[in-house]
Amino acid sequence: MKIMVAVKRVIDYAVKIRVKSDKTGVETTNVKMSMNPFCEIALEEALRIKESGFASEVIVVSMGPAQSVDTLRTGLAMGADRAIHVDAPATLYPLSVAKILKVLVDIEKPGLLILGKQAIDDDCNQTGQMVAGLLKWPQGTFASKVVLDKEKQVATVDREVDGGLETLCLDLPAVITTDLRLNQPRYATLPNIMKAKSKPIKKVTPQELNVEINSDLEIVHVTEPPKRKAGVILSSVDELVDKLKNEAHVI
Amino acid sequence: MEKLFRSSQRLLNQSSSSIFPHRSNPNFEHLKHISGSSYVYGDICNAYIKPYFECETRNLQAYHPLKDYVGMFRAKTCRIQYKHFGSTATTVQRDPSFSILSSDDIDYFVEILGEKNVFQDEDKLSTANMDWMRKYKGSSKLLLQPRCTEEVSQILKYCNSRRLAVVPQGGNTGLVGGSVPVFDEVIVNIGCMNNIISFDKVSGILVCEAGCILENLDSFLINQGFLMPLDLGAKGSCQIGGNVSTNAGGLRFVRYGSLHGNVLGIEAVLADGSVIDMLGTLRKDNTGYDLKHLFIGSEGSLGIVTKVSILTPLKLSSINLAFLACNDYLSCQKLLLEARRKLGEILSAFEFLDHESMGMVLTHLEGIRNPLPSSMYNFYVLIETTGSDESYDKEKLEAFLLRSMEGGLISDGVVAQDINQASSFWRIREGITEALMKAGAVYKYDLSLPVEKMYNLVEEMRLRLGLSAKVLGYGHLGDANLHLNVSTLQYDDSILAQIEPFVYEWTSKHRGSISAEHGLGLMKANEIYYTKSPETVRLMVSIKKLLDPNGILNPYKVLPHSPLP
């Protein structure tokens, strides 16, 4: 069985982001970029599944301009077997990504498609669900535990939901999106970095895949959230009531 | 009488090493705080002198028939002390020429600083009286927090006139007892003077007050695209005034160099209250003697630093970090040479730690993950590169690492893929000090030694101490600076006797420095002769006398208590 993992190159989680002065987006020049943390977790899970014998190959996929290849190299250094780079413009919305992934899945025919639950730059949380819909595959999102059963060809997924944990049993092939507590990603060791240099990265374009990328969304405006105002220490209950009534208008 | 004369003659004919079989008094640390004049030696002392030293000095006067001989005897023992650099029999005694704090003094301080900035309550004083290592505790009764240079000047002028001893204090993170009072000195804490005065975005020159915390300055600068040229584990608490006063080194020393090079100007207040404004922001200024260098590294003994102007380097976007394992110390040295050659201008940090240090961190700190769990290696090396082009630097680093691995210099390693991974690697190296504090008592030594010989000291120390203590060696390999730490469950004088003065003598023999970056403080003031010649120290003493005639600034520290004439 093959496993396909989709990863995204985003601004590093630890960087303090700044909004561009023209309010069209976030400052990305000269800012450290790395693999989306949830995608790292997804790749780690795929590698663990391969190491326990349930899969033969892990393919890592990324979409974007040439720099996305760096993220793919990280993926290969972690242990993936090969990579596919879809050369596409930098801003790709979830539906376009889902359409491209569908075509890639039809070509590669993996038994499992694992993604991070969301990207930390847009926080969309849509790609996994959309691609499952397009493929008509079962989906286990926000996975905090994944157990595979080879004979029955099912995956038992514990999902983190608002009310607690939900356990689903999915028939393979399936789509899984990973949540934070699933695992702790491994470091890229030097021997693996060495091996990664010889692993293939195939480049394709959306045109070759017959996918039309049309942006159905437009970013109008990006602003920082309003700064938290300092608290005010009041001296009496009367003052509190007065403020609640006249300033906050809540009573 | 005849008998006593002959016995004292016999005594004086003995070599000092047989009278004092252990060159350093193992009770030295405890004796510091005994203000009486009796010495307690215990078992190590030769039976000959025990009776003389176990009595109060005034009782010796009772032997008046022998006064001359006793006088001779005492004069001769003083000479014995000088010959061995005061490592024996020198208790620190409170200098009686300093005045005792009176209520008039407190009233005056309240008048000039306001009541809110004068502290006498127990809690505030107990934290200010004790150092970070919890090794030194003073008994000051007064803590002052001036808010501007003028107030510092008034405080010092008054203290100088009243002969009140003063301890300048910043973040109180020093490791040699230099930031806390020894007796009842007045603590002047600069922490409230924490304004950033100006920052030039083009040249990167930052002017700020001495009480600014290093990490806050770093965060401010990062927003502007710059960073502080020094980085230490204590950055969350240490203040720039203290960093400058101790000429702090840190993790990035190998790339950005010493504070002597980065500090462009200082404003300091001398002991008599005069404000010396050398707060220039010029890169080049060859007009007269460059006095700011006197204040950098003098640990508050020549003046209190109130403002600093510092040149900050640009924050380059591409930072890569590799955590590597080596089998032996020779590979670490070769790796350093190779890194200098192959990584050259992008190398920004080169640290090493041995397997004991790694074990200590993994045991005592939470949330630490071993990046190379497959086995415990003998040495770990952290190499950081900082450059302007991400992919170019990464390629350069990876090529260097792969070649070193093929050459057998590295057994295994990982490269951080994002900032979080990099922070977790740094946490391991920066957390060793914290882990040691949690493990119990620690004897800390910070030595500059030739790189080839550095680890030999650690191994010899291990042989000496055997199972009684854990010996850790780690440090800034790129600067030839070893942090030697001995960890025991409790402070134990017999273990101290095994360590000192062996470690100082070993360092001196290899022409190293007994304090690479921590400074002398109280801990090593008397050991200065291991690294500096008597003539040099004599000149230092005269400079101290010139700038601080009453000796009120940070007394008992930095310079030896009984300098060689």
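Since the model is a prediction, treat every value here as computed from it, not as a measurement.

Student: Quick one: what's the story with the overall build of chain A, residue by residue and with numbers?
Tutor: Scanning chain A from terminus to terminus reveals 6 helices and 12 strands. For the C-alpha atoms alone, the extent of chain A along its principal axes is close to 70 × 40 × 40 Å. Here chain A, with 251 residues, has 45% of them falling under the buried criterion. For chain A, the proportion of contacts with a sequence separation of at least 24, taken over those separated by at least 6, is 70%. For chain A, the computed accessible surface area is about 13500 Å², with 53% contributed by carbon and sulfur atoms. Separation of charge centres in chain A, based on 33 positive and 33 negative side chains, amounts to 4 Å.

Student: Go over the overall build of chain B, please, and point to the residues and values.
Tutor: A count of helices and strands for chain B gives 23 helices and 16 strands. Here chain B, with 565 residues, has 55% of them falling under the buried criterion. Of all intrachain contacts in chain B linking residues separated by at least 6 positions in sequence, the fraction that spans at least 24 positions is 74%. In the form shown here, chain B has an accessible surface area of approximately 24100 Å², with 52% of it arising from carbon and sulfur atoms.

Student: Account for the pattern of salt bridges, naming residues and giving values.
Tutor: Once the charged atoms of two side chains with opposite charge are near each other, the side chains can pair. Residue and element names in this part refer to chain A. One pass over the full model with this rule turns up 35 salt bridges over all chains. Measuring nitrogen to oxygen at the nearest pair gives 3.3 Å for the salt bridge that ties Lys-2 to Glu-108. On the criterion of sequence distance, the pair formed by Lys-2 in strand 1 (residues 2-7) and Glu-108 in helix 3 (residues 94-108) is long-range, its members being 106 residues apart. Looking at Lys-2, the relative accessible area reads 22%, which means it is partly exposed. The partner of Lys-117 in a salt bridge is Asp-179, and the shortest N-O contact between them spans 3.1 Å. With Lys-117 in the loop between strand 6 (112-116) and helix 4 (127-135) and Asp-179 in the loop between strand 10 (174-178) and strand 11 (188-189), this pair connects stretches of sequence that are 62 residues apart. Each member of the pair, Lys-117 together with Asp-179, is buried.

Student: Give a detailed account of the interface of chain B and chain A, specifying residues and quantitative values.
Tutor: Facing 25 residues of chain B, the contacting portion of chain A comprises 21 residues. Here chain B meets chain A over a buried area of about 2200 Å², counting both sides, of which 58% is carbon and sulfur. Between chain B and chain A we count 2 salt bridges in total. Salt-bridge contacts for B:Glu390 lead to A:Lys32; the nearest nitrogen and oxygen are separated by 3.4 Å. Our count for the contact surface shared by chain B and chain A stands at 9 residue pairs in polar contact (both at pLDDT 80 or more). Of all the secondary structure elements, the ones that give two or more residues to the side of chain B that touches chain A are strand 10 (318-326), helix 17 (390-406), strand 13 (412-415) and helix 18 (419-430) of chain B. The leading source of residues in the side of chain B that touches chain A is helix 17 of chain B, at 7 residues. Of the residues in the side of chain B that touches chain A, the class split is 11 nonpolar, 7 polar and 7 charged. Bridging between strand 11 of chain A and strand 13 of chain B involves 2 bridges; their strand directions are antiparallel. From the neighbouring strand, A:Thr189 faces strand 13 of chain B, where its bridge partner is B:Val414.

Student: Describe the UniProt feature "domain: Electron transfer flavoprotein alpha/beta-subunit N-terminal" (unreviewed entry) in chain A, listing the residues and the values that go with them.
Tutor: As annotated by UniProt and renumbered to match this structure, "domain: Electron transfer flavoprotein alpha/beta-subunit N-terminal" (unreviewed entry) occupies residues 23-213 of chain A. Helix and strand shares over residues 23-213 of chain A are 30% and 31% respectively, and the end C-alpha atoms of the span are 25 Å apart.

Student: Describe the sheet that holds strand 4 (residues 186-189) of chain B, listing the residues and the values that go with them.
Tutor: Residues and elements named next belong to chain B. Reading across the sheet, the 4 strands line up as 1-2-4-3 and stay open at both edges, with mixed pairing between neighbours. Among the strands making up the open sheet, the edge pair consists of strand 1 (118-119) and strand 3 (166-169). Note that strand 1 and strand 2 (residues 143-144) share 2 bridges and pair antiparallel. Each bridged residue has a counterpart across the sheet, and for Phe-119 the counterpart in strand 2 is Leu-143.

Student: Tell me about the UniProt feature "domain: FAD-binding PCMH-type" (unreviewed entry) in chain B, and please be specific about residues and values.
Tutor: Summarizing the sequence annotation, UniProt attributes the feature "domain: FAD-binding PCMH-type" (unreviewed entry) to residues 136-315 of chain B in the numbering used throughout. Taken as a whole, residues 136-315 of chain B contains 24% helix and 22% strand, while its terminal C-alpha atoms sit 38 Å from one another.

Student: Give me the nonpolar core: which residues, what numbers.
Tutor: Core analysis: the largest hydrophobic core is formed by 156 residues, its most contacted members being B:Ile240, B:Leu335, B:Ile383, B:Tyr445 and B:Leu484. Ranked by residues supplied to this core, first place goes to helix 1 (residues 37-51) of chain A with 7 residues. Setting aside its immediate chain neighbours within four residues, B:Tyr445 contacts B:Leu482, B:His483, B:Leu484, B:Leu496, B:Ile499, B:Glu500, B:Val503, B:Tyr504 and B:Met523. Counting residues in each nonpolar core, the second largest holds 32 residues, with B:Leu372, B:Leu382, B:Ile428 and B:Leu472 among its members.

Student: Pulling in residues and values, what's your account of the sheet that holds strand 16 (residues 481-488) of chain B?
Tutor: On the basis of which strands lie adjacent, the open sheet formed by 8 strands has the order 11(A)-13(B)-10(B)-12(B)-11(B)-15(B)-16(B)-14(B) and antiparallel pairing. A strand with exactly one partner marks an edge of an open sheet, and here the two such strands are strand 11 of chain A together with strand 14 (441-448) of chain B. The pairing of strand 10 of chain B with strand 12 (residues 379-387) of chain B spans 9 bridges and is classified as antiparallel. Residue pairing for strand 12 of chain B: B:Phe323 is matched across the bridge by B:Leu382.

Student: How would you explain the environment of B:Val188 if you had to name every residue and give the values?
Tutor: Residues and elements named next belong to chain B. Residue placement: Val-188 occurs in strand 4. A relative accessible area of 0% places Val-188 in the buried class. In the structure, Val-188 is positioned 172 residues away from Met-360 in sequence and 36 Å away in space, judged by C-alpha atoms. Here Val-188 is in contact with Leu-144, Pro-146, Ile-155, Val-166, Val-167, Pro-168, Gln-169 and Ile-304, once residues within four sequence places are set aside.

Student: Describe in detail the environment of B:Arg134, supporting the description with residues and values.
Tutor: Here B:Arg134 lies in the loop between helix 8 (122-129) and strand 2. Sequence separation between B:Arg134 and B:Leu175 is 41 residues; the distance between their C-alpha atoms is 9.6 Å.

Student: Summarise the packing of aromatic side chains; cite the residues concerned and give the values.
Tutor: According to the stated counting rule, one finds 20 aromatic pairs over all chains in the structure shown. Ring geometry for B:Tyr329 and B:Tyr455: centres 5.6 Å apart, planes at 25°, overall stacked. With B:Tyr329 in helix 15 (residues 329-342) and B:Tyr455 in helix 20 (residues 454-465), this pair connects stretches of sequence that are 126 residues apart. By relative accessible area, B:Tyr329 is classed as buried at 8%. Within the aromatic cluster, the residues linked to one another by ring pairs are A:Tyr187, B:Phe323, B:Tyr377, B:Tyr380 and B:Phe425. Above the plane of the ring of A:Tyr187 lies B:Arg369, whose end atom (NZ or CZ) is 4.5 Å from the centre. Sitting over the ring of B:Phe502, B:Arg464 keeps its end group 4.1 Å from the ring centre.

Student: Account for helix 7 (residues 103-113) of chain B, naming residues and giving values.
Tutor: All names here are of chain B. Residues of helix 7 that are buried include every one of Asp-105, Ile-106, Phe-109, Ile-112 and Leu-113, and no others. Taken down its axis, helix 7 places every buried residue within 130° of arc, on the same side. Facing away from the buried surface of helix 7 by more than 90 degrees, the exposed residues are Ser-103, Asp-104 and Glu-111. Immediately beyond the C-terminal end of helix 7, within one or two residues, lies Gly-114, with a positive phi of roughly 90°.

Student: Go over helix 1 of chain A, please, and point to the residues and values.
Tutor: All names here are of chain A. With 15 residues, helix 1 extends 21 Å from end C-alpha to end C-alpha; this agrees with the ideal 21 Å at 1.5 Å per step. For helix 1, the set of buried residues is Phe-38, Cys-39, Glu-40, Ile-41, Ala-42, Leu-43, Glu-44, Glu-45, Ala-46, Leu-47 and Ile-49. Backbone geometry just downstream of helix 1 places Gly-53 in the positive-phi region, at approximately 95°.

Rules and cut-offs
- Residues numbered from 1 in each chain as written.
- Chains lettered and ligands numbered in written order.
- Predicted model: local features only at pLDDT ≥ 70, side-chain atom pairs only at ≥ 80, totals over all residues.
- Heavy atoms only, no water.
- Helix = DSSP H or I, 4+ residues; strand = E, 2+ residues; numbered from the N terminus.
- Buried < 20%, exposed > 50% of the residue type's maximum accessible area, 1.4 Å probe, protein only.
- Contact = heavy atoms within 4.5 Å.
- Areas by Shrake-Rupley, 256 points an atom, 1.4 Å probe, with all protein chains shown as cover.
- Lys, Arg positive; Asp, Glu negative; His and termini not counted.
- Charge placed at Lys NZ, Arg CZ, Asp CG, Glu CD.
- Salt bridge = Lys/Arg side-chain N within 4 Å of Asp/Glu carboxyl O.
- Buried area = accessible area lost by both parts, 1.4 Å probe.
- Polar contact = N/O pair within 3.5 Å; in protein donor to acceptor, adjacent residues only side chain to side chain.
- Nonpolar A, V, L, I, M, F, W, Y, C, P; charged D, E, K, R; others polar.
- Pairing = 2+ DSSP bridges.
- UniProt positions renumbered as here; feature names shortened; annotations may be inferred.
- Core = buried A, V, L, I, M, F, W, Y, C linked by side-chain atoms within 4.5 Å.
- Phe/Tyr/Trp six-rings, centres within 6.5 Å; stacked < 30°, edge-to-face > 60°.
- Lys NZ or Arg CZ within 6 Å of the ring centre and 35° of its normal.
- Arc of directions from axis to C-beta.
- Expected span 1.5 Å × (residues − 1).

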